[in-house]
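# Observations on the three-dimensional arrangement
Read off the chains here:
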Amino acid sequence: MDVRIGIQNSPREISFETSQSAAEVEQAVAAALAGQSALLKLSDKKGAVYVVPAAALAYVEIGSEESRHVGFVA
């Protein structure tokens, strides 16, 4: 699934693919925004870990879990 994270006062966003479910990502974001955690910590499919301070989050876009088809589909 694709995840895009916008950071306040930054013109660029963080974009990566994760193997976590949409519910797991949403739960981590909700915990960070509720003050249960000072950091939002997510990992991508390759094992890299992204840590963003909760206070700096502008938005988090969670993509669909369905795989995209390339080419002709019967």
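For the structure, see preceding data.
Scope of this entry: the structure provided in the associated data block. Predicted model only: the values in this text are computed from it and were never measured.

Counting its regular elements, the protein contains one helix and five strands. Counting helices and strands in the order they occur from the N terminus, the protein gives β-β-α-β-β-β. By its C-alpha atoms, the protein is 45 × 25 × 20 Å across when sized along the principal axes. Residues classed as buried in the protein amount to 23% of the 74 residues present. Across the protein, the fraction of contacts at a sequence separation of at least 24, relative to all contacts at a separation of at least 6, is 49%. Accessible surface, the protein as shown: approximately 5400 Å² in total, 50% of it carbon and sulfur. Averaging the positions of the 6 positive and the 9 negative side-chain charges in the protein gives two centres separated by 8 Å.

Turning our attention to the sheet that holds strand S1 (residues 2-7). Taken together, the three strands give an open sheet; going across it, the order is S2-S1-S5, and neighbouring strands pair in antiparallel fashion. Looking at the sheet topology across the chains shown, the edges are occupied by strand S2 (13-17) and strand S5 (57-62). Pairs of neighbouring strands in the sheet enclose a mean axial angle of 15 degrees, with direction left out of account. Note: S1 against S5, five bridges, orientation antiparallel. Across the sheet, Ile7 pairs through a bridge with Leu57, a residue of S5. Lying on the sheet, helix H1 (residues 22-33) is in contact with S1 and S5; it crosses S5 at an angle near 165 degrees.

Going through the model one piece at a time under the given rule, you end up with one aromatic pair. For the ring pair Phe16 and Tyr50, a centre distance of 4.3 Å and an interplane angle of 10 degrees mean the geometry is stacked. Highlighted residues: Phe16 in strand S2 and Tyr50 in strand S4 (residues 49-53), separated in sequence by 34 residues. With relative accessibility at 5%, the residue Phe16 sits in the buried group.

Conventions adopted
- Residues numbered from 1 in each chain as written.
- Predicted model: local features only at pLDDT ≥ 70, side-chain atom pairs only at ≥ 80, totals over all residues.
- Heavy atoms only, no water.
- Helix = DSSP H or I, 4+ residues; strand = E, 2+ residues; numbered from the N terminus.
- Buried < 20%, exposed > 50% of the residue type's maximum accessible area, 1.4 Å probe, protein only.
- Contact = heavy atoms within 4.5 Å.
- Areas by Shrake-Rupley, 256 points an atom, 1.4 Å probe, with all protein chains shown as cover.
- Lys, Arg positive; Asp, Glu negative; His and termini not counted.
- Charge placed at Lys NZ, Arg CZ, Asp CG, Glu CD.
- Pairing = 2+ DSSP bridges.
- Axes fitted to C-alpha atoms, helices over the stretch in contact; angles between N-to-C directions.
- Phe/Tyr/Trp six-rings, centres within 6.5 Å; stacked < 30°, edge-to-face > 60°.

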